[in-house]
Amino acid sequence: MPDLDVVAQALARNLKRLRQERGYSLDALAGRSGVSRGMIIQIEQARTNPSIGTVVRVADALGLSIARLLDYADSPTVRLVPADRALRLWETPAGSHGTLQAGAEAPGPLEMWSWRIMPGEGHDSDPHPAGTTELIRVDAGVLTLVVNGEEHLVPAGATASFEASGPHGYHNPGPEPAEMTMAISVPAPR
């Protein structure tokens, strides 16, 4: 697991560089992302540890995967991400967690995650931009996928896909951990 200071410095460096490459002022990015100008300044100066929701909104507004925004390594032609370099972006004391495994920009952001949700826990996500698709494969346990208020049981071995531009969440009311692999494809900004 990389040092959080290294990740915060990479986020600061990458956000500023990628914002400027796209020609966005601080105010423009704030308007596109719904993240305050002050928060963006704090992130670019590595003075804060933003929530995953904030990082997602900024990445979506820039048309980037979270992996690209948080990348703390040089980018060779083939990018291998050893298990100990994957970014755990959220976790609970009970052991639930979401780990960003990899990401790409083709044609829009594409991310791959591995998640574990402990019994009785869950994680709700803010809506993504229109056209965002999520693919989920449950590897162990049973996941309760909630999309636009409707619950869907996804057992081990099953795969679900859905448009993720509305409210959605991942929950485990069962007696054993639910483990899943998830891919998220966000359309390129227009």
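Residues numbered from 1 in each chain as written. Predicted model: local features only at pLDDT ≥ 70, side-chain atom pairs only at ≥ 80, totals over all residues. Heavy atoms only, no water.

Asks: Would you mind showing me how to read the overall build of the chain here?
Replies: Helix and strand counts for the chain come out as five helices and ten strands. Relative to the compact-globule value of 16 Å for 190 residues, the chain shows a C-alpha radius of gyration of 16 Å, a close match. Taking the principal axes of its C-alpha atoms as reference, the chain extends roughly 45 × 35 × 30 Å. Total accessible area computed for the chain in this model is approximately 9,600 Å², and 53% of it derives from carbon and sulfur atoms. Positive and negative charge centroids in the chain, built from 16 and 22 side chains respectively, lie 10 Å apart. (Helix = DSSP H or I, 4+ residues; strand = E, 2+ residues; numbered from the N terminus. Rg over C-alpha atoms; globule rule 2.2 N^0.38 Å. Areas by Shrake-Rupley, 256 points an atom, 1.4 Å probe, with all protein chains shown as cover. Lys, Arg positive; Asp, Glu negative; His and termini not counted. Charge placed at Lys NZ, Arg CZ, Asp CG, Glu CD.)

Asks: I'm lost on the layout of surface pockets in this one. Help?
Replies: Rolling a probe over the atoms, with the probe sized like a water molecule, indicates the empty space that remains. Empty space within the second largest pocket amounts to approximately 260 Å³. Taken together, 21 residues make up the lining of the second largest pocket; nearest its centre are Ile52, Val56, His123, Ser125 and His128. Of all the elements in the fold, those that place two or more residues in the lining of the second largest pocket are helix H4 (52-62), strand S3 (109-117), strand S4 (121-125), strand S9 (168-172) and strand S10 (178-185). Ranked by the residues each element gives to the lining of the second largest pocket, the list is headed by H4, at five residues. Partitioned by chemical class, the residues of the lining of the second largest pocket number ten nonpolar, five polar and six charged. (1 Å grid on protein atoms, 1.4 Å probe; cavity = no way out; pocket = protein on both sides within 12 Å on 5 of 7 lines; lining within 4 Å. Points joined across faces, edges and corners; volume = space filled by probe spheres on them. Nonpolar A, V, L, I, M, F, W, Y, C, P; charged D, E, K, R; others polar.)

Asks: What is the right way to look at the pairing of S10 in this model?
Replies: Working note: regular strand, side chains alternate between the two faces of the sheet. Burial of the side chains of S10 is restricted to one face: Ala178, Met180, Met182 and Ile184 are buried, whereas none of Glu179, Thr181, Ala183 and Ser185 on the reverse face is. Pairing geometry for S3 and S10, over eight bridges, is antiparallel. Paired with methionine 112 across the bridge in S10 is alanine 183. (Buried < 20%, exposed > 50% of the residue type's maximum accessible area, 1.4 Å probe, protein only. Pairing = 2+ DSSP bridges.)

Asks: Help me understand the confidence of the model for the chain, please; the structure alone is not making it clear to me.
Replies: Detailed conclusions should not be drawn from predicted coordinates in areas where pLDDT is low. When pLDDT is averaged along the chain, the result is 87; 91% of the residues meet or exceed 70. Mean pLDDT per element in the chain: strand S2 (residues 97-105) is the minimum at 77, and S9 is the maximum at 96. (pLDDT = per-residue confidence, 0-100.)

Asks: Can you walk me through the pattern of salt bridges in this structure?
Replies: Close approach of charged atoms allows side chains with opposite charge to pair. By the definition in use, this model includes seven salt bridges. The residue glutamate 21 makes a salt bridge to arginine 17 at a minimum N-O spacing of 3.1 Å. With a gap of four residues between them, glutamate 21 and arginine 17 both fall in helix H1 (residues 4-21), about one helical turn apart. (Salt bridge = Lys/Arg side-chain N within 4 Å of Asp/Glu carboxyl O.)

Asks: What's the story with H4 in this structure? I'm lost.
Replies: Three or four residues apart is the spacing at which side chains of an α-helix point the same way, because the helix has 3.6 residues per turn. Of all eleven residues that make up H4, nine are buried, and the element is covered over most of its length. Against H1, helix H2 (26-33), helix H3 (37-44) and helix H5 (66-70) lie the buried residues of H4. (Contact = heavy atoms within 4.5 Å.)

Asks: Hey, could you run me through the packing of H2 against H4 in this one?
Replies: Any two packed helices are characterised by the angle at which their axes cross and by the distance between the axes. For the pair H2 and H4, the least separation of the axes is 8 Å and the interaxial angle reads 110 degrees. Judged on the interaxial angle alone, H4 and H2 are roughly perpendicular. Counting all contacts with H2, which are made through Leu29, Arg32 and Ser33, the residues of H4 involved are Arg57, Val58, Ala61 and Leu62. Across the contact of H2 with H4, the residue classes break down as four nonpolar, one polar and two charged. (Axes fitted to C-alpha atoms, helices over the stretch in contact; angles between N-to-C directions. Parallel < 35°, antiparallel > 145°, perpendicular 65-115°, else oblique.)

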